[in-house]
Amino acid sequence: MPEEASFLADINLKALQEVNQDVLGWISVPGTKLSYPIVQGEDNNEYLYHNWKKEPSISGSIFMESANRSDFSDFHTIIYGHRMRDLTMFGVLKEYQSLDFLQEHLNIYLVHGDGICRYAVFAAYEAGIRSMVYRLDVEENGWEEEFLQFCRESSVIDAGVIPEPGAKILTLSTCTGRGHSTRWVVQGYLAEVKKR
């Protein structure tokens, strides 16, 4: 793993899980404020306004779509977070509209189990809440190619990378600040996994 991600080897997930068994992993975009535990509730409302310790919090948590497999084994995994004005939580994702920002933050890192996963960012765009990016039946319907085409065609940036066939996709989803009908998404594909 690049030096920027070396600190992730020291993340103690077991200690976090002793506080809250809903903790699945840790997510980070090095060089930004985005570095948090990932939790998964029984539904997608549970962690909207509770932090990872289950305490009330206006900024909520970074949480996985409740319908996704908790071991990140789905073709497409969605992770949600609030768009905070101070760029905490998923507030920084709006910066991916800039190619300069992308070039300085090409990777999303995710720790789970005994591995560190590197996801290469390939798309960023505003998506309707009923668009294909939020469909959870892509894999079972064999729509992977159509899904990836939708992502690439929707993107407002050209990251210069294309997911390899069969690569697992990670979607980070947050508010746009322009109502509830659309969301801002940043997507990466699983490019590398290292044991820690």
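Everything discussed here concerns the structure shown above.
Cut-off values and rules
Residues numbered from 1 in each chain as written. Predicted model: local features only at pLDDT ≥ 70, side-chain atom pairs only at ≥ 80, totals over all residues. Heavy atoms only, no water. Helix = DSSP H or I, 4+ residues; strand = E, 2+ residues; numbered from the N terminus. Rg over C-alpha atoms; globule rule 2.2 N^0.38 Å. Buried < 20%, exposed > 50% of the residue type's maximum accessible area, 1.4 Å probe, protein only. Contact = heavy atoms within 4.5 Å. Areas by Shrake-Rupley, 256 points an atom, 1.4 Å probe, with all protein chains shown as cover. Lys, Arg positive; Asp, Glu negative; His and termini not counted. Charge placed at Lys NZ, Arg CZ, Asp CG, Glu CD. Pairing = 2+ DSSP bridges. Axes fitted to C-alpha atoms, helices over the stretch in contact; angles between N-to-C directions. Salt bridge = Lys/Arg side-chain N within 4 Å of Asp/Glu carboxyl O. Arc of directions from axis to C-beta. Phe/Tyr/Trp six-rings, centres within 6.5 Å; stacked < 30°, edge-to-face > 60°.

K.L.:
Can you explain the overall build of the chain? Please cite residues and give values.
P.N.:
Summing up its helical and strand segments, the chain has four helices and eight strands in all. Reading the secondary structure of the chain in the N-to-C direction produces α-β-β-β-β-α-β-β-α-α-β-β. A globule of 196 residues ought to have a C-alpha radius of gyration of about 16 Å, and the chain, at 16 Å, matches this closely. A principal-axis box enclosing the C-alpha atoms of the chain has dimensions of 40 × 35 × 35 Å. Among the 196 residues that make up the chain, the fraction classed as buried is 51%. Long-range pairs, those at least 24 residues apart, make up 60% of the contacts in the chain between residues at least 6 apart in sequence. Within the structure as shown, the chain displays about 9900 Å² of accessible surface, and the carbon and sulfur contribution to it stands at 47%. Computed over 18 positive and 28 negative side-chain charges, the separation of the two mean positions in the chain equals 4 Å.

K.L.:
So what's going on with the sheet that holds strand β3 (residues 62-64)? Residues and values would help.
P.N.:
Sheet architecture is closed into a barrel: eight strands sit in the order β1-β2-β3-β4-β7-β8-β6-β5, paired in mixed fashion. Sheet twist, expressed as the mean angle between neighbouring strand axes with direction ignored, is 30°. Bridging between strand β2 (residues 35-39) and β3 involves two bridges; their strand directions are parallel. When the sheet's bridge partners are listed, Val39 is paired in β3 with Phe63. Packing against the sheet, helix α4 (residues 144-154) makes contact with β4 (76-80), β6 (115-128), β7 (169-175) and β8 (182-195), and its axis sits at approximately 65° to β6.

K.L.:
Please provide a residue-by-residue account of the pattern of salt bridges, values included.
P.N.:
Side chains carrying opposite charge are able to pair once their charged atoms draw close together. For the structure on display, the rule yields six salt bridges. When the shortest N-O distance is used, the salt bridge between Glu192 and Arg118 registers 2.9 Å. Placement of Glu192 in strand β8 and of Arg118 in strand β6 is noted, with a sequence separation of 74 residues between them. Arg118 gets classed as buried once you look at its relative accessible area, which sits at 19%.

K.L.:
Lay out α4 with the relevant residues and their values.
P.N.:
Buried residues of α4: Phe147, Leu148 and Cys151, and no others. Within α4, the buried residues cover an arc of 95° as seen down the axis, which keeps them to one side. Turned more than 90 degrees off the buried face of α4, the exposed positions are Glu145 and Glu153. Buried positions along α4 lie against β4, β6, α3 (138-141), β7 and β8.

K.L.:
Run through the packing of aromatic side chains, naming residues and quoting values.
P.N.:
This model, assessed by the stated rule, comprises five aromatic pairs. Ring centres of Tyr96 and Phe101 lie 4.9 Å apart, and the angle between their planes is 90°; on these two criteria the pair is classed as edge-to-face. The same class applies to Tyr96 as to Phe101, namely buried. Considering the side-chain rings of Tyr125 and Phe150, the 6.0 Å spacing of their centres and the 80° angle between planes classify their relative orientation as edge-to-face. Note that Tyr125 is positioned in strand β6 and Phe150 in helix α4, a separation of 25 residues in sequence. On the basis of relative accessibility, which here comes to 0%, the residue Tyr125 falls in the buried class.

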